[in-house]
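# Residue-level structural notes
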Amino acid sequence: INNINWSQVRADFPLLTREVHGKPLVYLDSANTSQKPVAVIDVVDDFYRRHNANVSRAVHQLGAEATEQYEASRKSLSRFLNVRADELVLTSGTTFAINLVAYSWALPRLQVGDVILLSRMEHHANIVPWQLIAERTGATIRVAELLPDGSLDMDGLWAAMTPEVKLLGLTHVSNVLGTVNPVREICKEARKRGITTLIDGSQAAPHMQVDIASIGCDFYVATGHKLCGPTGTGLLWARRELLQSMPPFIGGGEMIKEVRFDGTVFNNPPHKFEAGTPNIAGFVGLGAAVNYLSDIGMDHIHAREAELLAHATESLSSFDGLRIYGTAPGKAAIISFLIDGTHAHDVATLLDLEGVAVRSGQHCAHPLLQSLGVGATCRASLAFYNTHEDVDAFVLALHKVRKLLA
Ligand code: PMP
């Protein structure tokens, strides 16, 4: 990573130069949403200034340009994740993508006696849709529990994979603990047992080289706004035959070949699942975002974030009364913590006054926080555009905050 000029990379993000409460901004909330480089901002601006039109409808020049840019982004995403472009369904985000699988794949297939296996560390987006499906089908939900360091209890997981399990929904990386799950090994075991797998890559795709083809899952989902892209963008990947076997989720324009009142012929996947006018400018931005990340190199990004995480962990190790939740080896650059005798929201509020943005609360993971026995945590999440100075400013501000609250 020595040949990357990281201060130049940081300068690609205009927002990071602003001040908050009169202090230079230290943005440590990238697990919530990432900041956007100028390459993304410019391409969205240019789209609306010069190319704006609807996709796949008009024969005029602008319509052709908009369609071409939109489909070029699908290709960029397919290169980024090493899958076929016609197997990528573009969605509004991870939440929509998981709901698509829940309603289109699971609802027609599951029945009483079937089990949906989830892990304790899932985001609500990978819990609530399954509860809704369980309620409608009579299937039940089973939970794979964690070890004290925040990694999956693998023996427990294997034992939970009984013949009743039809689907395993698992996050690739935990948004609270930073744990990176061994998804390849898990999907291999699941496949042997005939269990369909859905991997939530929301927190993985922004931070490591994700090669979906080599993971061996059935469904992979991710969200664009954590990938330096615009909000309202995301994706679902599944093999073509699997997509073909699923009925449409949302009906409307774009997803049909022919509509008659006595029967409609649906378009082929992925278009079958993309009803209505999509977030065209958003996806043009997301295409630019993944090309930007690829230019830096996901391996470089991963190494840079590991280095920043090591620096932060080392600096916090001598902080009296600070406890970090999630210490699994090889974890992503996410630090959930609490300081004895303080409340997470108070710490986050005072950090904000120092210009440091962290998230506090339950991080859309109530069942996980319940099992940790805490009502809330503070979460500092790092990205490759953060610096060692950001880490130092955060630790310094944290000492100041503790003094104020003690
Ligand atoms: N899964 C995980 C692991 C997440 O971190 C998030 C975003 N916090 C989501 C799903 C939901 O993503 P979105 O809100 O973009 O649909």
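Residues numbered from 1 in each chain as written. Predicted model: local features only at pLDDT ≥ 70, side-chain atom pairs only at ≥ 80, totals over all residues.

### Focus on the site of the ligand
Around the ligand lies a shell of 14 residues, among which Gly93, Thr95, His123, Asn175 and Thr223 are the nearest. Class assignment for the residues of the shell around the ligand results in two nonpolar, 11 polar and one charged. (Near = placed C-beta within 6 Å. Nonpolar A, V, L, I, M, F, W, Y, C, P; charged D, E, K, R; others polar.)

### A closer look at the packing of helix 11 (residues 298-316) against helix 14 (residues 388-405)
Close contact between helix 11 and helix 14 brings their axes to 10 Å; oriented N to C, the two are set at 25°. Comparing their axes, helix 14 and helix 11 come out roughly parallel. The chirality of how helix 11 crosses helix 14 is right-handed. Between helix 11, through Leu308, His311, Ala312, Ser315 and Leu316, and helix 14, the contact on the second element is made entirely by His388, Val391 and Val395. Among the residues making up the contact of helix 11 with helix 14, the classes are represented as five nonpolar, three polar and no charged. (Axes fitted to C-alpha atoms, helices over the stretch in contact; angles between N-to-C directions. Helix = DSSP H or I, 4+ residues; strand = E, 2+ residues; numbered from the N terminus. Parallel < 35°, antiparallel > 145°, perpendicular 65-115°, else oblique. Left-handed = near helix turned anticlockwise from the far one by under 90°. Contact = placed C-beta atoms within 7 Å.)

### Quick notes on the domain arrangement of the chain
Partitioning the chain into structural domains gives domain 1 (6-28 + 297-405) and domain 2 (42-294). Using only C-alpha atoms to locate each centre, domain 1 and domain 2 end up separated by 28 Å. With 22 residues of domain 1 in contact, the opposing surface of domain 2 contributes 21 residues. Among the elements that take part in the side of domain 1 that touches domain 2, helix 11 stands out by supplying five residues, more than any other. Tallied by class, the residues present in the side of domain 1 that touches domain 2 amount to 11 nonpolar, seven polar and four charged. (Domains from an automatic or database assignment.)

### A look at the UniProt feature "domain: Aminotransferase class V" (unreviewed entry) in the chain
Using the residue numbers shown here, the UniProt feature "domain: Aminotransferase class V" (unreviewed entry) corresponds to residues 26-394. The distance from the first to the last C-alpha atom of residues 26-394 is 7 Å, and the span holds 40% helix and 18% strand. (UniProt positions renumbered as here; feature names shortened; annotations may be inferred.)

### Focus: the packing of helix 2 (residues 38-51) against helix 10 (residues 280-296)
Running from amino to carboxyl end, helix 2 crosses helix 10 at an angle of 150°, the nearest separation of the two axes being 8 Å. Looking at the two axes, helix 2 sits roughly antiparallel to helix 10. Where helix 2 crosses over helix 10, the two elements pack in a sense that is right-handed. Each of Ala39, Val40, Val43, Val44, Phe47 and Tyr48 in helix 2 lies in contact with helix 10, whose residues at this interface are Ala281, Val284, Gly285, Ala288, Ala289 and Tyr292. Here the contact of helix 2 with helix 10 is composed, by residue class, of 11 nonpolar, one polar and no charged.

### With respect to the pairing of strand 9 (residues 219-223)
With five of five residues buried, strand 9 is to be regarded as a mostly interior element. Burial of strand 9 is two-sided: the residues Phe219, Val221 and Thr223 facing one way and the residues Tyr220 and Ala222 facing the other way are all buried. Here three bridges tie strand 8 (residues 196-200) to strand 9, and the two strands are oriented parallel to one another. If you follow Asp200 over to strand 9, its bridge partner there is Val221. The pairing of strand 9 with strand 10 (residues 234-238) spans five bridges and is classified as antiparallel. The residue of strand 10 that forms the bridge with Val221 is Leu236. (Buried ≥ 20, exposed ≤ 12 C-beta atoms within 10 Å, placed from the backbone. Pairing = 2+ DSSP bridges.)

### Overview of the pairing of strand 14 (residues 334-339)
Of all six residues in strand 14, five are buried, a share of seventy percent or more. As defined by bridge partners, strand 13 (residues 322-325) adjoins strand 14 across four bridges and the pair is classed as antiparallel. Its bridge partner being in strand 14, Leu322 is matched across the sheet by Ile339. In this sheet, strand 17 (residues 377-381) lies alongside strand 14 in antiparallel orientation, the contact comprising four bridges. Bridging across to strand 17, Ile334 finds its partner in Ser381.

### Some details on the sheet that holds strand 4 (residues 88-91)
Read from one edge to the other, the open sheet built from seven strands follows the order 4-10-9-8-7-5-6, with strand pairing classed as mixed. Whereas interior strands pair on both sides, the edge strands pair on one side only; in this sheet they are strand 4 and strand 6 (140-144). The sheet shows a mean angle of 20° between the axes of neighbouring strands, taken without regard to direction. Here strand 4 pairs with strand 10 via four bridges, running antiparallel. Bridged to Val89 within strand 10 is Leu236.

### Thoughts on the environment of Thr196
Along the chain, the position of Thr196 falls in strand 8. Residue Thr196 is classed as buried on the basis of its 21 C-beta neighbours within 10 Å. Residues Thr196 and Val165, spaced 31 residues apart in sequence, show a C-alpha to C-alpha distance of 8.7 Å.

### A word on helix 10
If you check helix 10, its first and last C-alpha atoms are 25 Å apart, about what 17 residues at 1.5 Å a residue would give, namely 24 Å. Counted residue by residue, helix 10 has 13 buried out of 17 residues, so it is predominantly covered. (Expected span 1.5 Å × (residues − 1).)

### Let's talk about the sheet that holds strand 14
If you trace the four strands from one edge of the open sheet to the other, you get 13-14-17-16, paired in antiparallel fashion. Strand pairing shows two members of the sheet lacking a second neighbour, strand 13 and strand 16 (359-361), which therefore form its edges. This sheet shows a mean twist of 30° between the axes of neighbouring strands, independent of strand direction. This element, helix 12 (residues 344-353), spans strand 14, strand 16 and strand 17 of the sheet and lies at about 160° to strand 16.

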